[in-house]
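# A closer look at the structure
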Amino acid sequence: MIVRTTDEITDTDRDITSEDGNWRSKRIVLGGDKVGFSFHETTIKAGSVNIFHYANHVEAVWLVEGTGKLTDLTNDKVYDLAPGTMYLLNGHEKHKVEPDTQMRMLCVFNPPVTGREVHDENGVYPLIESPA
Ligand code: 9YT
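Once a new chain begins, its residue numbering starts again from 1 and follows that chain's sequence as written. In keeping with the predicted nature of the model, local features appear solely for residues at pLDDT of at least 70, side-chain atom pairs appear and are counted solely at 80 or more, and the whole-chain, interface and lining totals rest on all residues. Water and hydrogen atoms were dropped before computing side-chain values, which therefore reflect all heavy atoms in the structure.

### Regarding the sheet that holds strand β5 (residues 58–65)
DSSP bridges decide pairing: two strands pair if at least two such bridges lie between them. Strands are runs of DSSP state E lasting at least two residues, helices are runs of H or I lasting at least four, and both sets are numbered from the N terminus onward. Pairing is antiparallel in the open sheet, where 6 strands are placed in the order β1-β2-β3-β10-β5-β8. The strands lining the two open edges of the sheet, one partner per strand, are β1 (15–17) and β8 (86–89). Within this sheet the neighbouring strands show an average axis-to-axis angle of 20 degrees, counted without direction. Taken together, the 3 bridges between β1 and strand β2 (residues 23–29) define a ladder with antiparallel strand orientation. Residue pairing in the sheet places I16 in a bridge with S25 of β2. All axes here are fitted lines through C-alpha atoms, helices being fitted over the stretch that makes contact, and every angle between N-to-C directions spans 0 to 180 degrees.

If you want it as structure tokens, here you go:
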């Protein structure tokens with residue numbers, strides 16, 4: 001069994017801030033934990049515009065705080081985001097997240113993020129295998 005607290009993750013190499021400063025993600029479970037998924041708490045700044053595209057990963061996002069807008073950029077469909085809303089990127093959809101107020105989201109990735117990923121110019125994470 002693994003037990004972790006936010007305090008053990010904050011300001012470590014599991015606590016990642018995006019280059020543009022718009023989001024911060026605490027990687028609670030990573031590929032190195034060998035359970036087949038990663039689990040993150042992401043906070044995104046109010047008023048920011050964020051384009052994501054996880055071409056190599058499926059992601060579920062559960063919004064626990066904040067409100068805003070999600071756009072599926074494959075068909076321009078727009079969804080309201082509020083606490084208790086989940087979106088599942090089961091088709092690797094390129095998408096845009098625009099928080100009206102700061103959002104806090106719980107995110108699950110399969111395959112797991114290893115922790116070394118940075119977005120490329122398309123907002124894509126490469127697929128990085130954890131060392132065996
Ligand atoms: C909202 C969202 O896509 N969060 C993904 C996790 C975060 N970008 C991370 O941990 O890299």
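### Notes on the packing of aromatic side chains
Aromatic pairs are defined between Phe, Tyr and Trp rings, using the six-membered ring for Trp, whenever the two ring centres lie within 6.5 Å; interplanar angles under 30 degrees are classed as stacked, those over 60 as edge-to-face, and all others as tilted. A full pass over the atoms with the stated rule returns 3 aromatic pairs. Ring geometry for Y54 versus F109: centroids 4.9 Å apart, planes at 80 degrees, classification edge-to-face. Of the two residues, Y54 sits in the loop between β4 (50–52) and β5 while F109 sits in strand β10 (residues 103–110), which places them 55 residues apart along the sequence. Relative accessibility decides the category of a residue: with a 1.4 Å probe and only protein chains considered, values under 20% of the type maximum give buried, values over 50% give exposed, and everything between is partly exposed. Note on Y54: relative accessible area 6%, which makes it buried. Through successive ring pairs, a cluster of aromatic residues spans W23, F52, Y54 and F109.

### Some words on the sheet that holds strand β6 (residues 68–72)
Strand order in the open sheet formed by 4 strands is β4-β9-β6-β7, and the pairing between neighbours is antiparallel. Strand pairing shows two members of the sheet lacking a second neighbour, β4 and β7 (77–81), which therefore form its edges. Here the average twist between neighbouring strands, direction ignored, is 20 degrees. Where β4 meets strand β9 (residues 95–99), 3 bridges bridge the pair, whose relative direction is antiparallel. Paired with F52 across the two strands is H95, which belongs to β9.

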